[in-house]
Amino acid sequence: MPTLQEIVTVIEAFAHPGLQESWDNTGWQLRPATSDTPCSGVLTCLDVTPAVVDEAKALGCNLIISHHPLIFKGLRHIVGETLVEQAVLKALKADIAVYSSHTALDSAPLGVSHRLASMLGLTDVRVLSPQPGSPDTGLGIIGAYPAPLAVPQFISRVKEIYGSPVVRCSAGIPGQTSISRVALCSGSGGEFIPTAVASGADAYISSDTRYHDFVDFGQRILLVDTGHFESEKCTKSIFSDIISEKFPTFAVHISRAEKNPIHYL
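Residues numbered from 1 in each chain as written. Predicted model: local features only at pLDDT ≥ 70, side-chain atom pairs only at ≥ 80, totals over all residues. Heavy atoms only, no water.

Draft legend 1. Quick peek at a nonpolar patch on the surface. A grouping of V166, I262 and Y264 is seen on the molecular surface, where their side chains present a nonpolar patch of about 260 Å² in accessible area. As for its position among the elements, V166 is in the loop between α6 (151–162) and β7 (168–169). Looking at V166, the relative accessible area reads 43%, which means it is partly exposed. (Patch = residues over 30% accessible without salt bridge, like charges linked within 9 Å, V, L, I, M, F, W, Y side chains within 5 Å. Areas by Shrake-Rupley, 256 points an atom, 1.4 Å probe, with all protein chains shown as cover. Salt bridge = Lys/Arg side-chain N within 4 Å of Asp/Glu carboxyl O. Helix = DSSP H or I, 4+ residues; strand = E, 2+ residues; numbered from the N terminus. Buried < 20%, exposed > 50% of the residue type's maximum accessible area, 1.4 Å probe, protein only.)

Draft legend 2. How the structure looks around the nonpolar core. Formed by 45 residues in total, the largest nonpolar core has its most connected members in F154, L184, I205 and I243. The contacts of I243, once residues within four sequence positions are left out, are I7, I11, V42, I65, F250 and V252. Among the nonpolar cores identified, the runner-up in size contains 16 residues, and C45, V53, I64 and V98 belong to it. (Core = buried A, V, L, I, M, F, W, Y, C linked by side-chain atoms within 4.5 Å. Contact = heavy atoms within 4.5 Å.)

Draft legend 3. Inspection of the pattern of salt bridges at higher detail. In total, this model carries five salt bridges according to the counting rule given. R115 is the salt-bridge partner of D241, the closest N and O atoms lying 3.0 Å from each other. Residue D241 is located in helix α10 (residues 235–246), and its partner R115 is located in helix α5 (residues 112–120); the two are separated by 126 residues in the primary sequence. Taking the relative accessible area as the measure of exposure, D241 reaches 40% and is therefore partly exposed. The class for R115 is partly exposed, based on a relative accessible area of 26%. The shortest N-O distance in the salt bridge between D225 and R168 comes to 2.9 Å. Of this pair, D225 sits in strand β10 (residues 222–225) while R168 is found in strand β7, placing the two residues 57 residues apart along the sequence. Under the relative-accessibility criterion, D225 is labelled buried at 5%. For R168, a relative accessible area of 41% corresponds to the partly exposed category.

No statement about biological role is implied by the geometric values presented.
Next up, the structure:
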């Protein structure tokens, strides 16, 4: 049985904490036991909620690996007033450790945007916004389809792959009928829209796109907003794959209690 630290070491070998953005809080969030405590099981999730902690406890897991940090802003007290405080209290009482790999996983070679590009069938991919001196690490991806897709076919593929019941789209380039080059960024990637335009992409997929981004860039590129949850839920499988490759007989669970907090009516 691997230890808590051995599991985290495998995650960090794939997504080194040094890759995280300066504002982020990648790393250990809670560790009630010592790092050399045997790991009884891992639950992967996007967000650590009280329901996810309950799920981990029911499954006998003493480690949760999440994409979004459980503790992002400083906690002034832990009295159970907020969902974050409730999750912290539940995890501490159950001796469940929490580790988060947020923008470190986003920027890692073969990280989140790489996984989405692969799922979409893009080829000849490269990092959209590489970190200085490291072309293989950074945020976003740009790639191409072997053969152009008609715009409606492309939109349908995005909805299917991301599991998005609806997507918000711009009008796109006037007269545009097909999509060949596609840029994307998991999570909130509005800041990279100008980069996607400059790269010659026909479409840009991300989430949390602002109204004024649609106004300013919506006819220079086809903007597709899938929703934040939809653009990052694949992180659960990425974590599971990383751990299972190193420890093939170890119990890794993907959260089923976690639900998209946004409902489409």
